[in-house]
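# Coordinate inspection notes
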Amino acid sequence: MGSSIFLSMTSVLQRGCSKFRLLGKIAWRSFLLICIGIVIVNPNYCLGPLSWEKVRIPGVLQRLGGTYFVVAVLELLFAKPVPEMCTSERSCFSLLDITSSWPQWLFVLMLEGVWLALTFFLPVPGCPTGYLGPGGLGDWGKYPNCTGGAAGYIDRLLLGGHHLYQHPSSAVLYHTEVAYDPEGILGTINSIVMAFLGVQAGKILLYYKDQTKGILIRFAAWGCFLGFISVALTKASENEGFIPVNKNLWSISYVTTLSSFAFFILLVLYPVVDVKGLWTGTPFFYPGMNSILVYVGHEVFANYFPFRWRLGDSEAHKEHLVQNTVATALWVLIAYVLYKKKVFWKI
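Keep in mind it's a predicted model, so treat the numbers as computed, not measured.

A few words now on the packing of aromatic side chains. Between two aromatic rings, the relevant description is the distance of the centres plus the angle of the planes. Scanning the entire structure with this criterion turns up 19 aromatic pairs. Arranged with centres 5.1 Å apart and planes meeting at 75°, the rings of Trp 250 and Tyr 254 form a pair that is edge-to-face. No difference in accessibility class separates Trp 250 from Tyr 254, as the two residues are buried. Taken together, a centroid distance of 5.9 Å and an interplanar angle of 65° make the contact between Phe 301 and Tyr 304 edge-to-face. Taking relative accessible area as the criterion, Phe 301 reaches 41% and is therefore assigned partly exposed.

Shown next as structure tokens:
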């Protein structure tokens, strides 16, 4: 998302589109993503007809819509033309891609400061300050209603428990009873941070265009830097450290870990796909051209045959793997057919 925001925005502005008009497009696209998430992709449908009293407000598309809006508007406000100087003359030690974005970096770092302050210093009734655990039976059952710590408390306070995901993954192992939403308000801050790191990747591609060595050095540097942050925050452990990797909380260590892997994947794919042309991205190219349609289709039809069927042993990992592999292959095939027929769902 972050990379595509910068690359597409730069292209649109270069074609003469006004910032005000582009702001309208950003707002409309964000609004559509949020509406699709609330109205169409809503897990509460499996519980029967929905009412406003129990509709889930957060969600994956809602998170994407909010993240997209913040990052895109931030880039739009401080948009600058890509420098015209010859990229081959730029030193490998140049930091132009970072220094030219200092207002955005300042805003993102301030946002992260807000996440850290609320996560570790916000008083949560009946819970230890800075609690990051699952609640329920976790921590020997001492904090049963503290699922998610400050993140869960903020969502229940501002959105209400009935508007959150009612069956979080923590309920399976820790038998939690309070609602908790993995796509809640506080975690959105860190998804914004992650998307902005994607913007940084996009800037590297444009600022150092045709300078393959410079691009690869920066991808490697970012991958190592973010990886070192993850090691420091987690003390190189699975569940311990200052801030453990936690997808449900979207902890900052989770973001730095995923972003580190993302930069290393770019480090491998850029020379293979963009420089040498050894691979076109097939078959992943086709779902990428219709990502919203494929995602919504999967969410709506996930429980229907042939995407899912009754398993002989619902506890068997092998059967789930086969089922999910078949479902994924079918959606890739559907995306391929739609691509050939030039059917695309864009927002």
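From this point, the narrative continues.
The next point concerns the state of the cysteines. For the structure on display, the rule yields one disulfide. Linked covalently through their sulfurs, Cys 127 and Cys 146 form a disulfide whose S-S length is 1.9 Å. Torsion about the S-S bond of the Cys 127 and Cys 146 cystine: about -100°, corresponding to left-handed handedness. Residue Cys 127 is located in the loop between α5 (102–121) and α6 (149–158), and its partner Cys 146 is located in the loop between α5 and α6; the two are separated by 19 residues in the primary sequence. Given the relative accessible area of 14%, Cys 127 is considered buried.

Turning our eyes to something else, we now look at unusual backbone geometry. Of note, the bond from Thr 282 into Pro 283 is cis; its omega dihedral lies within 30 degrees of zero at 5°. Structurally, the position occupied by Pro 283 is in the loop between α10 (252–275) and α11 (285–289). A cis amide bond links Phe 305 to the next residue, Pro 306, at an omega of 10°. Within the secondary structure layout, Pro 306 lies in the loop between α12 (291–301) and α13 (317–340). Here the phi dihedral of Trp 140 falls at roughly 60°; this positive angle occurs in a residue that is not glycine. Tracing the backbone through its elements, the reader meets Trp 140 in the loop between α5 and α6. A positive phi angle, near 55°, is found at His 175, a position not held by glycine. On the accessibility criterion, His 175 (51% relative accessible area) is exposed.

Interhelical geometry of helix α1 (residues 2–14) versus helix α2 (residues 19–39) gives an angle of 145° and a closest axis separation of 10 Å. The crossing of α1 and α2 is right-handed. Of the residues in α2, those touching α1 at Met 9, Val 12 and Leu 13 are Lys 19, Leu 22 and Ile 26. Here the contact of α1 with α2 is composed, by residue class, of five nonpolar, no polar and one charged.

Within the fold, Asp 155 resides in helix α6. What makes Asp 155 buried here is its relative accessible area of 2%. Sequence separation of Asp 155 and Tyr 165 is ten residues, and the distance between their C-alpha atoms is 10 Å. Look past the residues within four positions of Asp 155 in its chain and what remains in contact with it is Gly 160, Leu 164, Asp 181, Gly 184 and Ile 185.

What follows deals with the packing of α1 against helix α8 (residues 185–207). Where α1 contacts α8, the two axes come as close as 6 Å, and the packing angle between them is 50°. Our classification of the angle between α1 and α8 gives oblique. Judged by the twist between their axes, the crossing of α1 over α8 is right-handed. Residues Gly 2, Ser 3, Phe 6, Leu 7 and Thr 10 of α1 form the contact with α8, whose participating residues are Ala 195, Gly 198, Val 199, Ala 201, Gly 202, Lys 203, Leu 206 and Tyr 207. Taken together, the residues that form the contact of α1 with α8 break down as seven nonpolar, five polar and one charged.

What follows deals with the UniProt feature "transmembrane region" (unreviewed entry) in the protein chain. Per the UniProt record, the feature "transmembrane region" (unreviewed entry) sits at residues 26–45, 104–124, 185–208, 215–233, 253–272, 284–301 and 321–339. The distance from the first to the last C-alpha atom of residues 321–339 is 27 Å, and the span holds 100% helix and 0% strand.

Glancing now at the side chain of Arg 56. Checked against the element boundaries, Arg 56 lands in the loop between α2 and α3 (60–77). Judged by relative accessible area, Arg 56 falls into the buried class, the value being 8%. Of note is the side chain of Arg 56, whose polar atom sits 3.1 Å from the backbone oxygen of Pro 58. Within the structure, the side chain of Arg 56 is placed 2.7 Å from the side chain of Asp 181, a separation counted as a polar contact.

A surface patch of nonpolar side chains, amounting to about 750 Å² of accessible area, comprises Phe 261, Ile 265, Val 268, Leu 269, Leu 278, Trp 279 and Phe 284. Position of Val 268 relative to the elements: it lies in helix α10.

Judged by side-chain charge, Arg 15, Arg 21, Lys 25 and Arg 29 come together as a positively charged surface patch. For Lys 25, a relative accessible area of 43% translates into the label partly exposed.

With that settled, the discussion passes to the environment of His 317. Mapped onto the fold, His 317 is located in helix α13. When its relative accessible area of 64% is taken as the criterion, His 317 is described as exposed. For the pair His 317 and Thr 119, spaced 198 residues apart in sequence, the C-alpha separation works out to 35 Å.

Criteria and cut-off values
- Residues numbered from 1 in each chain as written.
- Predicted model: local features only at pLDDT ≥ 70, side-chain atom pairs only at ≥ 80, totals over all residues.
- Heavy atoms only, no water.
- Phe/Tyr/Trp six-rings, centres within 6.5 Å; stacked < 30°, edge-to-face > 60°.
- Buried < 20%, exposed > 50% of the residue type's maximum accessible area, 1.4 Å probe, protein only.
- Disulfide = S-S within 2.5 Å.
- Helix = DSSP H or I, 4+ residues; strand = E, 2+ residues; numbered from the N terminus.
- Axes fitted to C-alpha atoms, helices over the stretch in contact; angles between N-to-C directions.
- Left-handed = near helix turned anticlockwise from the far one by under 90°.
- Contact = heavy atoms within 4.5 Å.
- Nonpolar A, V, L, I, M, F, W, Y, C, P; charged D, E, K, R; others polar.
- Parallel < 35°, antiparallel > 145°, perpendicular 65-115°, else oblique.
- UniProt positions renumbered as here; feature names shortened; annotations may be inferred.
- Polar contact = N/O pair within 3.5 Å; in protein donor to acceptor, adjacent residues only side chain to side chain.
- Patch = residues over 30% accessible without salt bridge, like charges linked within 9 Å, V, L, I, M, F, W, Y side chains within 5 Å.
- Areas by Shrake-Rupley, 256 points an atom, 1.4 Å probe, with all protein chains shown as cover.
- Salt bridge = Lys/Arg side-chain N within 4 Å of Asp/Glu carboxyl O.
- Lys, Arg positive; Asp, Glu negative; His and termini not counted.
- Charge placed at Lys NZ, Arg CZ, Asp CG, Glu CD.

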